[in-house]
Amino acid sequence: MKPSPASSYYRATATPYEPFAPLQGRAHARVAIVGGGYAGLNTALGLAERGVRDVVLLEREQVGFGASGRNGGFVFAGYSLGEQALLEQLGLVRAQALFKFTTEAVQRIRQRIADYAIACDAIDQGVIWANWFRDPGVLRQRQQLLAEQYGVQWQWLPQDELRGLVRSERYHDGLYERDALHLHPLNYAIGLAAAAAAQGVRLHENSGVRSLSREGLQWRLRTAQGELLADQVVLACGGYLAGLRRSIDRAILPIATYVMVTEPLGHRLDECLHTRAAIYDSRFAFDYYRALPDTRLLWGGRISVRNRSPRAVQRLLTEDLLRVFPQLHGVKVDHAWSGLMSYARHQMPQIGGSGDGLWWGQAFGGHGLAPTCAAGELLAAAIAGGDDGWKQFADYGLDSTHRPFGYLGAQASYWWQQGHDWLKTRLEG
């Protein structure tokens, strides 16, 4: 299940930095964080910003190794669970509160990029939701829901205007979310790590935690070369399970997604895009893509219970690309990769604590940048000052995904939704 980081465009263009040495010998910390992705890094930085600097972060591979360093780079509000479902499950006031965590996180991401001078190719030009289908009903309903219930305004893009921005006859109309951006996700993770380290957080790469045990009022974490005693522990491992707490691991379904990056397109990029916004479409099994600063096109999509080889990812995603932009026939692909994301059955992040100093943040379900930032703030506020804001996620607990049978259910659901999208497309002609 472990993909090769060498195939990732992000790894190939990562900001050089001095690697963080593995943990060696015995050490103590007020807080130990397991996982060097967005959830762990945001928690560490959130603690440091609150004056808690006796923090150690342990990463099994390198900072941003998992989904945090391999995703599409979209930064927008919301969760994997849709806004309507959130409203139905929690009611207006609580749904608005949870959604607000992510709108505030988008702004916090902007602010941190500026405050810490994080060089991550941030393009603050919004995101377009392009309608794959002729029927505008789904878009109109979501636009109205967001405006009336969440106070969020998305701009309507009629077909002619959309096709002036996205040169494809595949789409019919769209919505433009201005309060969104996109960036180089691995460089953003590296920037968060540098910001945390500069404030005293001790980071250790190549330091996989082999065991976690409770000893008196503390937790003992053992790695291959070291041992750490901590008053509190945060598990933030995402789709790459640490095997430290069964109840936490079993609540996650690691799901693979696929991404590729083309060769530099030069003027050919203008044949496809006349916008710096990122784009995704209105199907359940949607494509997502964006132009990169060097005129490459990053293209992602599909979900699966299995990783695939770079060659297989390239073949599948090139088919999807040409369905939208046939004018790119013959384009070369320089990078293709897959990686694991963490999903929960309820499609919401799992943010919580057990009351004895053990905390967790996981299951961001492909919407990771804003929700992980929100999770880091909630966990940092809880640990540093006893804030109980994290309890607003209590309805979304550690429900078991019943692996391996959960994989069958997830794949069957994806195929059913994909079939539904295909049938609707065929019926529309």
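Residues numbered from 1 in each chain as written. Predicted model: local features only at pLDDT ≥ 70, side-chain atom pairs only at ≥ 80, totals over all residues. Heavy atoms only, no water.

Asks: Any chance you could explain the overall build of the protein chain here in plain terms?
Replies: Across its full length, the protein chain carries 11 helices and 18 strands. In terms of C-alpha radius of gyration, the protein chain reaches 21 Å, essentially the compact-globule figure of 22 Å for 429 residues. Reported as C-alpha extents along the three principal axes, the dimensions of the protein chain are approximately 65 × 45 × 45 Å. Across the 429 residues that make up the protein chain, the buried fraction comes to 57%. (Helix = DSSP H or I, 4+ residues; strand = E, 2+ residues; numbered from the N terminus. Rg over C-alpha atoms; globule rule 2.2 N^0.38 Å. Buried < 20%, exposed > 50% of the residue type's maximum accessible area, 1.4 Å probe, protein only.)

Asks: I would appreciate a short explanation of the environment of D388 in the present structure.
Replies: By secondary structure assignment, the location of D388 is in the loop between α10 (369–385) and α11 (405–428). As a C-alpha pair, D388 and L378 span 10 residues in sequence and 8.1 Å in three-dimensional space.

Asks: Help me understand helix α3 (residues 83–90), please; the structure alone is not making it clear to me.
Replies: Since the α-helix turns once every 3.6 residues, residues separated by three or four places project in the same direction. Residues E83, L86, L87 and L90 constitute the buried set of α3. Axial view of α3: buried residues confined to an arc of 100°, hence all on one face. The inward-facing, buried residues of α3 abut α4 (92–115) and α5 (137–150). A positive phi of about 85° marks G91, the residue just after α3. (Arc of directions from axis to C-beta. Contact = heavy atoms within 4.5 Å.)

Asks: Teacher, can you tell me more about α4 here?
Replies: The first and last C-alpha atoms of α4 sit 34 Å apart over 24 residues, in line with the 34 Å expected at 1.5 Å per residue. Along α4, the residues classified as buried are A95, L98, F99, F101, T102, A105, V106, I109, R110, R112 and I113. Positive phi appears at A117, one or two residues downstream of α4, with a value of about 50°. (Expected span 1.5 Å × (residues − 1).)

Asks: Looking at this model, I keep getting lost on the confidence of the model for the protein chain. Mind explaining?
Replies: Predicted coordinates in regions of low pLDDT should not be interpreted in detail. Mean pLDDT over the protein chain stands at 92; residues scoring 70 or higher make up 93%. In the predicted structure, residues 1–6 sits below a pLDDT of 50 and forms 13 contacts with residues beyond four places in sequence or in another chain. (pLDDT = per-residue confidence, 0-100.)

Asks: Just to check I follow, could you spell out the pairing of strand β10 (residues 218–222) for this structure?
Replies: Regular strands place side chains that alternate from one sheet face to the opposite one. Bridge count for strand β9 (residues 211–215) against β10 is five bridges, and the pairing is antiparallel. The residue bridging L212 from the neighbouring strand is L221, located in β10. Sheet topology note: the β10/strand β11 (residues 226–235) ladder contains four bridges and is antiparallel. The partner of R220 across the bridge, within β11, is L229. Taking the residues between adjacent antiparallel strands as the criterion, β10 and β11 are bridged by three residues. (Pairing = 2+ DSSP bridges.)

Asks: Looking at this structure, how should I read the packing of aromatic side chains?
Replies: Two numbers describe a pair of aromatic rings. These are the distance of the centres and the angle of the planes. For the structure shown, the criterion picks out 20 aromatic pairs. Centroid distance Y10 to W337: 5.6 Å. Interplanar angle 65°. Geometry classified as edge-to-face. With Y10 in helix α1 (residues 9–12) and W337 in strand β16 (residues 333–343), the pair connects residues that are 327 residues apart, well separated along the chain. For the pair Y10 and W337, a shared accessibility class is recorded, and that class is buried. (Phe/Tyr/Trp six-rings, centres within 6.5 Å; stacked < 30°, edge-to-face > 60°.)

Asks: Any chance you could explain unusual backbone geometry here in plain terms?
Replies: Peptide bonds are, in most cases, trans, and in most cases residues other than glycine have a negative phi. In this structure, N206 is a non-glycine residue whose phi angle is positive, near 50°. The class of N206 is partly exposed, set by a relative accessible area of 46%. The phi torsion at Q347 lies on the positive side, around 65°, for a residue other than glycine. By the element assignment, Q347 lies in the loop between β16 and β17 (350–353).

Asks: How should the environment of R11 be read in this particular structure?
Replies: Residue position: R11 is located in helix α1. The partly exposed category is assigned to R11, whose relative accessible area is 24%. With 174 residues separating them along the chain, R11 and P185 place their C-alpha atoms 10.0 Å apart.

Asks: When you look at the environment of V34 in this model, what are you seeing that I'm missing?
Replies: When you line up the elements, V34 lands in strand β1 (residues 25–34). Once the C-alpha coordinates of V34 and I118 are considered, the two residues, 84 residues apart in sequence, prove to be 23 Å apart. For V34, the residues in contact, after removing those within four places along its chain, are L58, V209, L221, V233, V234, L235, A236, C237 and L244.

Asks: Hey, could you run me through the pattern of salt bridges in this one?
Replies: Two side chains carrying opposite charge are able to pair once their charged atoms lie near each other. Applying the stated rule across the entire model yields 22 salt bridges. A salt bridge links R112 to E49; the nearest nitrogen and oxygen atoms lie 2.8 Å apart. With R112 in helix α4 and E49 in helix α2 (residues 38–49), this pair connects stretches of sequence that are 63 residues apart. Linking R296 and D334 is a salt bridge whose minimum nitrogen-to-oxygen distance equals 2.7 Å. (Salt bridge = Lys/Arg side-chain N within 4 Å of Asp/Glu carboxyl O.)

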